[in-house]
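Coordinate analysis (summary)
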Amino acid sequence: MPLSGLRTVAKAQNGVGAFILQCKRMDFHYCDFGGSSRGMKDFIQTALPRFASKYPQIEFTVSPRPGQHPAIVGHFINGKQREVSVRKLDNRQILEKVKELRDASGEKLVRSNKPVTSTNESVRGIWSPFHGSRVKI
């Protein structure tokens, strides 16, 4: 019986195969009496049912928070959470904030000084000035 080698399989990454949204739950908080919650109450009645039906993998909870400004809290699969204030925003602007939370990963934003970041090591290895042809000085 001939032996056959195993094929090397790439490490699974998000976006390869099936994409998994990083946001698992969104909490919508609003005040029934405050004027700053007017846009949030309008969003909850009109746009949220459509948005929730498009993304069944995200859990949506709506709860009143008397005397507080409206906010959206996004909970992510890495255990982090991010709160976004939507005080005095209208329906369209709140929808943009919800889309930002949906697309976010939950990680803090970090500045990158390198032009390219990769999870894979370089094929050629680390460069050294001693590589290449011998140069005589």
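Described in the following lines is the structure provided in the data block.

What counts and how
- Residues numbered from 1 in each chain as written.
- Predicted model: local features only at pLDDT ≥ 70, side-chain atom pairs only at ≥ 80, totals over all residues.
- Heavy atoms only, no water.
- Helix = DSSP H or I, 4+ residues; strand = E, 2+ residues; numbered from the N terminus.
- Buried < 20%, exposed > 50% of the residue type's maximum accessible area, 1.4 Å probe, protein only.
- Contact = heavy atoms within 4.5 Å.
- Phe/Tyr/Trp six-rings, centres within 6.5 Å; stacked < 30°, edge-to-face > 60°.
- Core = buried A, V, L, I, M, F, W, Y, C linked by side-chain atoms within 4.5 Å.
- Pairing = 2+ DSSP bridges.
- Right-handed = clockwise from strand over helix to strand, strands pointing away.
- Axes fitted to C-alpha atoms, helices over the stretch in contact; angles between N-to-C directions.
- Parallel < 35°, antiparallel > 145°, perpendicular 65-115°, else oblique.
- Left-handed = near helix turned anticlockwise from the far one by under 90°.
- Nonpolar A, V, L, I, M, F, W, Y, C, P; charged D, E, K, R; others polar.
- Expected span 1.5 Å × (residues − 1).
- Bend = angle between axes of the 7 residues up to and from the residue.

**Digging into the overall build of the chain**
Each helix and strand in the chain was counted, giving 2 helices and 4 strands. The secondary structure elements of the chain, listed N-terminal to C-terminal, are β-α-β-β-β-α. The 137 residues of the chain split such that 27% are buried. A separation of at least 24 residues holds for 68% of the contacts in the chain among residues at least 6 apart in sequence.

**A few points about the packing of aromatic side chains**
Going through the model one piece at a time under the given rule, you end up with 4 aromatic pairs. A centroid spacing of 5.9 Å and a plane angle of 35° characterise the contact between Phe-28 and Phe-43, whose relative ring orientation is tilted. Of the two residues, Phe-28 is situated in strand S1 (residues 23-30) and Phe-43 in helix H1 (residues 38-54); the sequence distance between them amounts to 15 residues. On the accessibility criterion, Phe-43 (0% relative accessible area) is buried. An aromatic cluster is defined as three or more aromatic residues linked by ring pairs; in this entry it consists of Phe-28, Phe-43, Phe-51, Tyr-55 and Phe-60.

**Comments concerning the nonpolar core**
Among the nonpolar cores identified, the biggest contains 23 residues, and Met-26, Phe-28, Met-40, Phe-43, Ile-72, Ile-94 and Val-98 are the most heavily contacted of them. Mapped onto this core, the elements with two or more residues apiece are S1, H1, strand S3 (71-76) and helix H2 (91-103). A per-element tally of this core places H1 first, with 6 residues. If near-sequence neighbours (up to four positions away) are discounted, Ile-72 is found in contact with Asp-27, Phe-28, Met-40, Arg-82, Glu-83, Val-84, Val-86, Ile-94, Val-98 and Leu-101.

**Focus: the pairing of S1**
Consecutive side chains along a regular strand alternate between the two faces of the sheet. Within S1, 6 of the 8 residues are buried, which leaves the element mostly enclosed by the surrounding structure. Alignment of S1 against S3, held across 6 bridges, turns out to be antiparallel. If you follow Met-26 over to S3, its bridge partner there is Gly-74. Handedness of the crossover joining S1 and strand S2 (residues 59-64) through H1: right-handed.

**Some words on the packing of H1 against H2**
Taken N-terminus to C-terminus, the directions of H1 and H2 make an angle of 55°; their axes are 9 Å apart at the nearest point. By the angle class used here, H1 and H2 are oblique. Where H1 crosses over H2, the handedness of that crossing is right-handed. The residues of H2 that touch H1, namely those facing Gly-39, Met-40, Asp-42, Phe-43, Thr-46, Ala-47 and Phe-51, are Asn-91, Ile-94, Leu-95, Val-98, Lys-99 and Arg-102. Among the residues forming the contact of H1 with H2, the class breakdown is 7 nonpolar, 3 polar and 3 charged.

**With respect to H1**
The periodicity of an α-helix, 3.6 residues per turn, causes residues three or four places apart in sequence to face the same way. With 17 residues, H1 extends 24 Å between its outermost C-alpha atoms, agreeing within 8% with the 24 Å of an ideal straight helix rising 1.5 Å per residue. Within H1, the axis deviates most sharply at Ala-47, by approximately 50°, and proline Pro-49 lies no more than four positions further along. Turning to H1, its buried residues are Gly-39, Met-40, Phe-43, Ile-44, Ala-47, Leu-48 and Phe-51. In this fold, the buried residues of H1 make contact with S1, S2, S3 and H2.

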